[in-house]
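# Examination of the molecular architecture
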Amino acid sequence: MVHQRRAVYALAALSAATFCYVTTEVLPIGLLTLIAPDLGRSRSEAGLLVTGYAVVVMIVALPLTRVTRRVPRRPLLAGALGVFAAATTVSAFATSYEVLLAARLVSATTNGVFWAVVFPVAISMFPANIRGRIVARLSIGNALGPVLGVPLSTWLGGQAGWRAAFVAMAVFGFVTCVAVALLLPSVTPQESAGDIGPMPDRPRFVVLLLATVLAVTGAMGAFTYMTVFLLDVSGFAAASLGLLLFVQGSFGVAGTWAVGRVLDRFPLGVVLVLLGLLTAAMLGLSGVGSSKVLTIPLLAVAGMSFSSLIAGVQHRVMQVAPSTTDMASASLSVAFNFGLAAGSLIGAGLLATAGVRVIPLFGGLLTAVAIALLAGHEMSRRRGRNHEPDHSGWSVRPNHSRGAEKPQATTVRT
């Protein structure tokens, strides 16, 4: 166990790194109207800067994670952040669309490896009985990306040009790279990944990935076009959109922080409850979204549940990982990016054919299917089990059968 204070500082540096990746991945969305005319391209072509990024992550995450399995984790994470910052710098000074796209794709190649490794590394620095809390703390950076990183970058782009936003993220990326290199303890691949998850279960792992694809597809379909919904259905003024999206994002940050308190005790229960809240919020928006008074709390619940769900699913994936936890995290990254791309694409089709009000209804139905899939699989396992009951589904007790899972004498406050 590493020194407590250093572990907390290292966790903060890793959380800042997740903020960098989340913000930069979707950065062109808020800058489309500036990038497209400056480089002589259409807005749809500028949008490919985000779509292409997600596609590359889906393609390279698993093979690159496998190739780098024996690389020590500190240089691997610092190196990934260094390449990310360098590629973002090239993006900032790109003189053509082709150069900008190429730089984005290079950055995307580091994304899959980063997300595969960062969570296993973080939990390796702390006692096993607070791993859920550590996953939630690390996920704060994810949640801050949409609520803080993207709006600030969009504002900076509007004031000083879109290149200034990329420069700012490149500088932040370099600073984070140095912090990770200095603060992260030496972690071997075996210490960060282990052979398998503490409760390996391939069927549960596969079902969880499928449910994640469904949930992310539904949620991102709704969130991608939420501003259109708020304008056309709820009737809010354009000037209030920033505040409304801040409400959605800030509740996501608060929810991610709070869920860490119970995630270690109820890993699957937390995921199901958050899916239920997300479903209720999106179905509610579809049904009563024309009411401004009701839309605001529903928007807050949707933001809180989705951001917290990411932490819950990440923790559960590493619990039931049938192979190394870094490969499991890479698989989750692929599932998430697939859902992101599919949700945006399906949402665009629904917007053009059925109208924006149908999009949250579609999203709510997909998340409901995800709940049914997870809960149904768990119930069928319990009914058909003939051996000793496995208590890992809804609550977790420390597993003393493996040395890595023995309770630690030290405690780390985060």
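Notes on the structure follow. Note that the structure is predicted; figures quoted are calculated from it, not measured.

### Some words on a nonpolar patch on the surface
- On the surface, a nonpolar cluster with roughly 440 Å² of combined accessible area is contributed by Phe93, Val167, Val171, Phe172 and Val175.
- Inspection of the secondary structure puts Val175 in helix H8 (residues 162-183).

### Concerning the pattern of salt bridges
- Counting across every chain of the model gives six salt bridges.
- Salt-bridge contacts for Arg163 lead to Asp38; the nearest nitrogen and oxygen are separated by 3.2 Å. Pair noted here: Arg163 is in helix H8 and Asp38 is in helix H2 (residues 27-38), with a separation of 125 residues, a long-range link.
- In this structure Asp38 comes out as partly exposed when scored by relative accessible area, which is 45%.
- With a closest N to O distance of 2.6 Å, Asp201 and Arg381 form a salt bridge. Placement of the pair is Asp201 in the loop between helix H9 (189-193) and helix H10 (202-224) and Arg381 in helix H16 (residues 358-384), with a sequence separation of 180 residues.

### Considerations on the packing of aromatic side chains
- This model, assessed by the stated rule, comprises eight aromatic pairs.
- Ring centres 4.4 Å apart and planes at 25° place the aromatic pair Tyr21 and Phe114 in the stacked group. In this pair, Tyr21 sits in helix H1 (residues 4-25) while Phe114 sits in helix H5 (residues 97-124), placing the two residues 93 residues apart along the sequence. Neither residue differs from the other here; Tyr21 and Phe114 are each classed as buried.
- Geometrically, the ring pair formed by Phe114 and Trp115 is edge-to-face, given 5.2 Å between the ring centres and 80° between the ring planes. There is no split in this pair, since Phe114 and Trp115 are both buried.
- Members of the aromatic cluster, each reached through a chain of ring pairs, are Tyr21, Phe84, Phe114, Trp115 and Phe119.
- Just above the ring of Trp257 sits the side chain of Arg137; from NZ or CZ to the centre is 3.8 Å.

Calculation criteria
- Residues numbered from 1 in each chain as written.
- Predicted model: local features only at pLDDT ≥ 70, side-chain atom pairs only at ≥ 80, totals over all residues.
- Heavy atoms only, no water.
- Patch = residues over 30% accessible without salt bridge, like charges linked within 9 Å, V, L, I, M, F, W, Y side chains within 5 Å.
- Areas by Shrake-Rupley, 256 points an atom, 1.4 Å probe, with all protein chains shown as cover.
- Salt bridge = Lys/Arg side-chain N within 4 Å of Asp/Glu carboxyl O.
- Helix = DSSP H or I, 4+ residues; strand = E, 2+ residues; numbered from the N terminus.
- Buried < 20%, exposed > 50% of the residue type's maximum accessible area, 1.4 Å probe, protein only.
- Phe/Tyr/Trp six-rings, centres within 6.5 Å; stacked < 30°, edge-to-face > 60°.
- Lys NZ or Arg CZ within 6 Å of the ring centre and 35° of its normal.

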